[in-house]
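The lines below spell out each chain.
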Protein chains: 2
Amino acid sequence: MTETGPSRIQSEKRAAILGAALEVFAAEGFRGATLDRIAGEAGLSKPNLLYYFPSKEEVHEALLSGLLDLWLAPLRRIDPDGEPMAELLGYVRRKLALSRSHPRESRLFANEILQGAPRIGPTLSGALRDLVEEKAQAIAAWAETGAIAPVDPRHLIISVWALTQHYADFDVQVRAVLGRDDPLDGAEAHLEMLFERLLAPRA
Amino acid sequence: MTETGPSRIQSEKRAAILGAALEVFAAEGFRGATLDRIAGEAGLSKPNLLYYFPSKEEVHEALLSGLLDLWLAPLRRIDPDGEPMAELLGYVRRKLALSRSHPRESRLFANEILQGAPRIGPTLSGALRDLVEEKAQAIAAWAETGAIAPVDPRHLIISVWALTQHYADFDVQVRAVLGRDDPLDGAEAHLEMLFERLLAPRA
DNA sequence: TCCCGATTTGACCAAAAGGTCAAAGCGACG
DNA sequence: CGTCGCTTTGACCTTTTGGTCAAATCGGGA
């Protein structure tokens, strides 16, 4: 009964495929991506790719599952018992860091949402909604005590998503406007200031 | 030499095609969209569509050209000689209104940028960049006089884009979280407040 | 070294998709 | 009401693409 995990070559090839697929799906969307291109970028042939994943759909699925977890981790780490301002600014910082470190994941997610979330729709109105509701409660409580200025907690969260993800998803446009090497540098200071001003308790 | 414009039927069919194409390109991206679907949605056959436009590329091109103009109109209307706070809040309001009235255009644009702006790339680093630079100057001047709080003008503009477009592009996600009929209603108040707090002159 | 299962590949298939074309249909104007 | 040009269509072509399969190759343990 010795459970044999996937062989070394299995994990390596599967990882290579997922890496290439992330690149291609993020850049072209699901329908625009081709197995040939993914296989080529992963350094193997199409039939070989199909040996590791039964279909294009399943490759995509493998990427998407788990993505939401990664994506929501920063929000999840908000601690209702922490110092409100620090918690929220920390959230913004973590989310922006994620955009910088995982731009392809961001674009993969953006593609899925843009297309109407055909594959993760249910999760959105399930787990996602629940998590947002939970954290919104905490934020609302903070606002009530006056620890932060009054805000609509849900729209606040949406604002964090919009502002941080934009730098990854609209990278080319941001670069065209800023013409800088790493636009994320300036973004960090800007966003920190933005949320400080937005949330600073009123006198 | 009586110039005969396009016949009534010509304009009608071309408009129908562009409408359908906007819908499909926005939802599926360029490569994901098919001529059959566009033709079907426009109420004609594929060869008939090809009678009005020489190729899929040209349909897409027709949509994209002019889109940037529409998209940048709100920014263009910022008046350097106007009242700073009113100008900027007016800009936000106009941009959000555009997201509400033209969600498909927003998604078409998002798709193009996500895919690396293969078709409007040059315009981005040309006309777009120039316009942003021009308006950034005005905003910087306002900040200098203390009429608004100090901000990085370019990142401010990017923030407006991110926040307003997000409501159109990520519509399904926003709806999943808010569960409301029209999320844009709450958004307007929220964004107005956000930018007021961000830009209100310091004491 | 030999063997057997894991891995890889070239050839192939069917469906989808962009595009062409000649012929048929239609409509406005003389 | 007949004609001529604008419009529409079905049939067809080629390329691309997701996927299959049998055969070949590889690689590590006995």
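- The name an unreviewed UniProt entry gives chain A is TetR family transcriptional regulator, with Palleronia aestuarii as the organism.

1. Brief notes about the overall build of chain A
- Within chain A one finds 11 helices and 0 strands.
- N-terminal to C-terminal, the α/β element order of chain A is α-α-α-α-α-α-α-α-α-α-α.
- With the C-alpha coordinates aligned to their principal axes, the bounding extent of chain A is approximately 65 × 50 × 30 Å.
- The 203 residues of chain A split such that 51% are buried.
- Approximately 8,900 Å² of chain A is accessible, and the part contributed by carbon and sulfur atoms is 52%.

2. Here's the deal with the packing of helix α5 (residues 67–76) of chain A against helix α7 (residues 103–114) of chain A
All names here are of chain A.
- Where α5 meets α7, the closest approach of the two axes is 11 Å, and the angle between their N-to-C directions is 110°. It follows that α5 is roughly perpendicular to α7 by the angle criterion. The chirality of how α5 crosses α7 is left-handed. Contact residues: α5 offers L67, L68, L70 and W71, while α7 offers E105, S106, L108 and F109.
- The residue inventory of the contact of α5 with α7, partitioned by class, reads 6 nonpolar, 1 polar and 1 charged.

3. As for the nonpolar core
- A:W161 and B:W161 are the most contacted members of the largest nonpolar core, which has 138 residues in total.
- The residues touching A:W161, leaving out its near neighbours within four places in the chain, are A:L72, A:L75, A:Y91, A:K95, A:L128, A:V132, A:H166, B:H166, B:Q173 and B:V177.

4. Describing the UniProt feature "DNA-binding region" (unreviewed entry) in chain A
- Those places that UniProt annotates as "DNA-binding region" (unreviewed entry) correspond, in this numbering, to residues 34–53 of chain A.
- The distance from the first to the last C-alpha atom of residues 34–53 of chain A is 14 Å, and the span holds 75% helix and 0% strand.

5. Section: the interface of chain B and chain A
- On the side of chain A, 55 residues touch chain B, which itself brings 54 residues to the contact.
- Seen at the junction of chain B and chain A, the total is 12 residue pairs in polar contact (both at pLDDT 80 or more).
- Within the residue set of the side of chain B that touches chain A, elements represented by two or more residues are α1 (8–32), α7 (103–114), α8 (121–145), α9 (153–169), α10 (171–178) and α11 (183–199) of chain B.
- Of all the elements, α9(B) adds the most residues to the side of chain B that touches chain A, at 12 residues.
- By residue class, the composition of the side of chain B that touches chain A is 30 nonpolar, 14 polar and 10 charged.

6. Details of the pattern of salt bridges
All names here are of chain B.
- Tallied over the entire structure, the rule returns 26 salt bridges over all chains.
- In this structure, E57 and R119 form a salt bridge, with 2.4 Å as the shortest nitrogen-oxygen distance. A residue pair is termed long-range when its members are at least 10 positions apart, and E57 in helix α4 (residues 56–64) and R119 in the loop between α7 and α8 qualify at 62 residues.
- A salt bridge links E112 to R119, with the shortest nitrogen-to-oxygen separation between them at 3.7 Å.
- In this structure E112 comes out as buried when scored by relative accessible area, which is 3%.

7. Some thoughts on the domain arrangement of chain A
Residues and elements named next belong to chain A.
- Domain boundaries assigned for chain A yield domain 1 (1–54) and domain 2 (62–199).
- Counting residues at the interface gives 10 residues for domain 1 and 9 residues for domain 2.
- Both sides of the domain 1 and domain 2 interface together cover about 860 Å² of buried area, and 69% of this is carbon and sulfur.
- Taken as a group, L22, A26 and F30 account for 56% of the area that domain 1 buries against domain 2, more than any other trio of residues on that side.
- Viewed at the interface, domain 2 and domain 1 are joined by 1 salt bridge.
- R104 is the partner of E23 in a salt bridge, and the nearest nitrogen-oxygen pair spans 3.1 Å.

8. Structural notes on the environment of B:I139
All names here are of chain B.
- The topology assignment puts I139 in helix α8.
- What makes I139 buried here is its relative accessible area of 1%.
- As for I139 and D152, which are separated by 13 residues in sequence, their C-alpha atoms are 8.8 Å apart.
- Excluding anything up to four places from it in sequence, I139 contacts L88, I148, P153, L156 and I157.

What counts and what doesn't
- Residues numbered from 1 in each chain as written.
- Chains lettered and ligands numbered in written order.
- Predicted model: local features only at pLDDT ≥ 70, side-chain atom pairs only at ≥ 80, totals over all residues.
- Heavy atoms only, no water.
- Helix = DSSP H or I, 4+ residues; strand = E, 2+ residues; numbered from the N terminus.
- Buried < 20%, exposed > 50% of the residue type's maximum accessible area, 1.4 Å probe, protein only.
- Areas by Shrake-Rupley, 256 points an atom, 1.4 Å probe, with all protein chains shown as cover.
- Axes fitted to C-alpha atoms, helices over the stretch in contact; angles between N-to-C directions.
- Parallel < 35°, antiparallel > 145°, perpendicular 65-115°, else oblique.
- Left-handed = near helix turned anticlockwise from the far one by under 90°.
- Contact = heavy atoms within 4.5 Å.
- Nonpolar A, V, L, I, M, F, W, Y, C, P; charged D, E, K, R; others polar.
- Core = buried A, V, L, I, M, F, W, Y, C linked by side-chain atoms within 4.5 Å.
- UniProt positions renumbered as here; feature names shortened; annotations may be inferred.
- Polar contact = N/O pair within 3.5 Å; in protein donor to acceptor, adjacent residues only side chain to side chain.
- Salt bridge = Lys/Arg side-chain N within 4 Å of Asp/Glu carboxyl O.
- Domains from an automatic or database assignment.
- Buried area = accessible area lost by both parts, 1.4 Å probe.

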